[in-house]
Amino acid sequence: QVQLVESGGGLVQAGGSLRLSCAASGNIFSINTMGWYRQAPGKQRELVASDSTIGRISYADSVKGRFTISRDNAKKTVYLQMNSLKSEDTAVYYCNLGQRAYSYWGQGTQVTVSS
């Protein structure tokens, strides 16, 4: 079993920054992908950024140049540095870990950007 615990969400003004963290515990395989998704009210959950242990990183076009994903494999933690935040970034952000055929989700953390 895998558990994911997110932290770092909150309220920030447009143009500000936040850093999200997600710590994984449990049966973590050496090859996996950790990432962040978000879901705004009335919208589908979408991929924000992902980072695999084989070095493959991807970003949604809407966050390229503003958000940076990184991971500390020793700590089994993934981070999302969010800069130049916009009101449209307001959403619940979910951490995800995918390994083999399994996908695990955190409980979500609210990010609210005020304009």
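Each remark here, short or long, concerns the structure printed above.
Colleague: Teacher, can you tell me more about the sheet that holds strand 8 (residues 77–82) here?
Modeller: Across a sheet, paired strands are connected by hydrogen bonds in the backbone, their directions being either parallel or antiparallel. Strands sit in the order 1-3-8-7 across an open sheet of four strands; the sheet is antiparallel. In this open sheet, the two strands that pair with only one neighbour each are strand 1 (2–7) and strand 7 (67–72). Ignoring which end each strand starts from, the neighbouring axes of this sheet average 15° apart. Pairing between strand 1 and strand 3 (residues 18–26): six bridges, direction antiparallel. Residue leucine 4 lies in a different strand from strand 3, and its bridge partner there is alanine 24.

Colleague: When you look at the pairing of strand 10 (residues 102–105) in this model, what are you seeing that I'm missing?
Modeller: Residues in a regular strand point their side chains to alternate faces of the sheet. Of the pairings in the sheet, the one linking strand 9 (residues 91–99) to strand 10 comprises four bridges and is antiparallel in character. The residue of strand 10 that forms the bridge with glycine 98 is serine 103. Joining the antiparallel neighbours strand 9 and strand 10 is a turn of two residues, in which arginine 100 adopts a positive phi near 50°.

Each value, and the rule that gives it
- Residues numbered from 1 in each chain as written.
- Predicted model: local features only at pLDDT ≥ 70, side-chain atom pairs only at ≥ 80, totals over all residues.
- Heavy atoms only, no water.
- Pairing = 2+ DSSP bridges.
- Helix = DSSP H or I, 4+ residues; strand = E, 2+ residues; numbered from the N terminus.
- Axes fitted to C-alpha atoms, helices over the stretch in contact; angles between N-to-C directions.

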